[in-house]
Every structure is written in structure tokens, then in C-alpha cells.
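Structural overview for review
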Amino acid sequence: MTAPLELRQIEKAPKALLHDHLDGGLRPSTVLDIAGQIGYDELPATDADDLATWFRTRSHSGSLERYLEPFSHTVAVMQTPEALYRVAYECVKDLAADSVVYAEIRFAPELHINRGLSFDEVVDAVLEGFAAGEKAAAAAGRPIVVRLLVTAMRHAALSREIAELAIRFRGRGVVGFDIAGAEAGNPPTRHLDAFECMRDHNASFTIHAGEAFGLPSIHEAIAFCGADRLGHGVRIVDDIEMVEGHGVRLGRLASILRDNRIPLELCPSSNVQTGAVKSIADHPFDLLARARFRVTVNTDNRLMSDTTMSLEMHRLVEAFGYGWADLERFTINAMKSAFIPFDERLALIDEVIKPRYAVLIG
Ligand SMILES: [Zn+2]
């Protein structure tokens, strides 16, 4: 029996991240700085530590709707090109410092036009921040590739326009599209024309589904919308039956997800905060991993969930006893599921992830 992996060891391992919201990952000090610069005076704290605590406790709400409320403050300070650039740049730096080697970061441009920016200006500012962050990280010996997914809010009616935005910026750093926001009452089928637009252009998309809402949401995302990946998808566990002495029996929907290797962007800490699961130990992550679903580990919102990629992995290690080979598998799962071209995925797997895990495994 080898000793359980420690957080400081996991921090050195290469990681790939597919599900992380730009407006959920700001540094508390940056929220305060920008609020001061633009005269936003509605923040609930004036000190970075107090603000971090407020975000964490406020988000540990037991419901997705209440979990989403604190975003009004982060979004409020991301309304100028300078602020968007800074937040994007710091996001890349923070991920690189945590040994993340590939990340797809998402945000909803429609929430960042309150001060008159166009969608294109919003996306340009974020992509410039990413590029500068990648350059700085490489210069510091921590190379990272960061790409953008543009999100449409599921309660709004701008999804077609946002899908077109994703296509317009394809090849310039945007690699896909997503819909997010409260699931109840906002089925993904309301946005079919956006998904059609993506498919028409052979472009990739993921859908937040099966987080707060159950199997019907996952079914619609896969069967009607044709999602390439599922944001969360954790409720697929409702279609899996434990059979005494025989492991698990999958229903048809769960089978389709597993047979077609549909990636699940699982976000353990976030699921605990929204009440989707009671605790990390109760999270179906391990059940899904053992049943060989395409599971990936993600942060969702690093500020609200007070987490990092290393912390998410460490929490799973503590709950389920994972070793390096497991963490490597989850990382390669994520890399295989990335929306960048196959040769670029393979290069990161073969030239970065596998060699570095080989050293860690020893
Ligand atoms: Zn999310």
C-alpha cells in the first residue's frame, strides 16, 4: 500500500481542464481593484480575504439558482476591455501556476456588454488576455495552451448570435460553444437553431445538462441537440442501477453516453455546493469512473468553489483513494475530449502528459 498522494505532489502533475468559467475564477483582489477603478460600490466586502470568504459561503447554497447569484458581482467588474484582458491574463497565469497544461475557459459575452462593448470587442479582449498569459507562462517555464468557449445563457434568446460569434472567431482561439444558466424551465431544445448553426459549420459544442435537473435534460442535450460533451451530466447516475454481486446495470441513456464516449465534465466541489450531491464521498464520480465512462475532472468556478484543479483531484484522491495512474487517465480523458484538432491533442498527450506522469509514477 503506497502513501496517498499529497496536494503538493498533485500540484506538480500536468492537468487538463475543460470546464471553467472565466467569471467564476477571478482573484478576489482583482474584483476589488477593478470595482475601485470603475466606481462599482456594491461589493459585500472591502478586503480580499473577506470577499473570498463571502463568495465561498454565499455559493455553498444548496441550489443552482442561489449558487449563480454571486456572479452578478464578478460580471459587474468585467465590462471594459482592460478588465476583461486582465481577468483573462490572470486566469491563464493562475492555471499555469497549478501545472494545468491545457484549458478551455468559457464565458457568456452577452453578460459583458453593459458598458457598450460589442460581442466581438468582448471576445477580442479576452483572447488578447489569454495570448499574453500564455506568453508569460511559457517565459516562466510553465507552458500552457488556453482556448475559449463562448456561452449563451439558456434563459435568454441570443444563442444563435453567440453560436455565430463562435464560428466567426474559430481559428482565432474560440474552439466551441456552450449553453449555461438555470436548467429548470429552460430546456436546451429552446436553442436548437444555435446547435444547428454549430453543426452546419462542423463546430463543437457542450451543454450544461444533468446538473440540477435529471435525465430528461441529458436526453435532450444528446438526442435532440447533438452535444459533443456534457457540462456536469452527473445525474446520469439516475440511469445506472447497482446490482448485488454484478456491479452496475446501465439504462439506455447511460449506455449511449458510455458507448459513444460522450465526455462528462464533472465538477465535484461545485456539485456539493449546489446540492447536486451531499459530499465529495457521495459524488458518483467514482461509480462513473469504475464503469469506464469518459470522466474528466473540472473546477467549474475556482473563486466560488474556492478550488483549483489540484484541489479537485486531491479531494477525489482523499475520497476514493486514487493514485497516479487514475489521475493520468482522467487527464488523458480530458485531453482526448478537447475541442482542438486531433494532432494537437495527441501532441499534448504524447509529448507532455504521458512523459511527465511516467516520471511521477516512477
Ligand atoms: Zn459550469
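What comes next concerns the included structure. Just so it is clear, the structure is predicted and the values come from calculations on it, not from any experiment.

**Overview of the coordination of the zinc ion**
Ligation of the zinc ion by protein atoms is provided by His19 (NE2), His21 (NE2), His208 (NE2) and Asp300 (OD), these donors lying 2.1 to 2.4 Å from the ion. One can describe the site at the zinc ion as irregular: its four donor atoms subtend angles covering 85 to 174 degrees at the metal. Here the donor residues of the zinc ion are spaced in sequence according to H-x1-H-x186-H-x91-D. Residue His208 is found in strand E5 (residues 205–209), and its partner Asp300 is found in the loop between strand E10 (295–297) and helix H14 (309–320); the two are separated by 92 residues along the sequence.

**Some thoughts on the packing of helix H8 (residues 159–168) against helix H9 (residues 192–200)**
Between H8 and H9, the shortest axis-to-axis distance is 7 Å and the interhelical angle comes to 15 degrees. On the basis of the axis angle, H8 is roughly parallel to H9. Where H8 crosses over H9, the handedness of that crossing is right-handed. On H9, the residues that touch Ser159, Arg160, Ala163, Glu164, Ala166 and Ile167 of H8 are Asp193, Ala194, Cys197 and Met198. For the contact of H8 with H9, the class distribution of residues is six nonpolar, one polar and three charged.

**Comments concerning the pairing of E5**
Consecutive side chains along a regular strand alternate between the two faces of the sheet. Of all five residues that make up E5, five are buried, and the element is covered over most of its length. Here E5 shows two buried faces, one formed by Phe205, Ile207 and Ala209 and the other by Thr206 and His208. Taken together, strand E4 (residues 174–180), H9 and E5 constitute a β-α-β crossover, and its handedness is right-handed. For the crossover from E5 across helix H10 (residues 215–224) to strand E6 (residues 229–232), the handedness is right-handed.

**A few points about the sheet that holds E6**
Spatially, the eight strands line up as an open sheet ordered E1-E2-E3-E4-E5-E6-E9-E10, and their pairing is parallel. Where the open sheet ends on each side, the last strands, each with one partner, are strand E1 (15–21) and E10. The mean angle between the axes of side-by-side strands here comes to 25 degrees, regardless of whether they run parallel or antiparallel. Both E5 and E6 contribute to a ladder of four bridges, which runs parallel. Bridge assignment links Thr206 to a residue of E6, and that residue is Arg229.

**Overview of the layout of surface pockets**
Quantified by volume, the largest pocket comes out at close to 400 Å³. Along the wall of the largest pocket there are 25 residues; nearest its centre are Asp23, Leu68, Phe71, Met153 and Gly181. For the lining of the largest pocket, the secondary structure elements donating two or more residues are helix H4 (64–68), helix H5 (71–76), strand E2 (100–107) and strand E3 (145–153). Here the lining of the largest pocket is built from residues that sort into 11 nonpolar, nine polar and five charged. If you add up the space inside the second largest pocket, you get close to 250 Å³. If you trace the second largest pocket, you find 15 residues lining it, with Asp94, Arg302, Leu303, Thr307 and Thr308 closest to the centre. Breaking the lining of the second largest pocket down by element, the ones donating at least two residues are helix H6 (81–97) and H14. Classifying every residue of the lining of the second largest pocket gives seven nonpolar, three polar and five charged.

Each value, and the rule that gives it
Residues numbered from 1 in each chain as written. Predicted model: local features only at pLDDT ≥ 70, side-chain atom pairs only at ≥ 80, totals over all residues. Heavy atoms only, no water. Donors = N, O, S within 2.8 Å, 3.2 Å for Na, K, Ca; no water. Tetrahedral: all angles 85-135°; square planar, octahedral: opposite > 155°, others 65-115°. Helix = DSSP H or I, 4+ residues; strand = E, 2+ residues; numbered from the N terminus. Axes fitted to C-alpha atoms, helices over the stretch in contact; angles between N-to-C directions. Parallel < 35°, antiparallel > 145°, perpendicular 65-115°, else oblique. Left-handed = near helix turned anticlockwise from the far one by under 90°. Contact = heavy atoms within 4.5 Å. Nonpolar A, V, L, I, M, F, W, Y, C, P; charged D, E, K, R; others polar. Buried < 20%, exposed > 50% of the residue type's maximum accessible area, 1.4 Å probe, protein only. Right-handed = clockwise from strand over helix to strand, strands pointing away. Pairing = 2+ DSSP bridges. 1 Å grid on protein atoms, 1.4 Å probe; cavity = no way out; pocket = protein on both sides within 12 Å on 5 of 7 lines; lining within 4 Å. Points joined across faces, edges and corners; volume = space filled by probe spheres on them.

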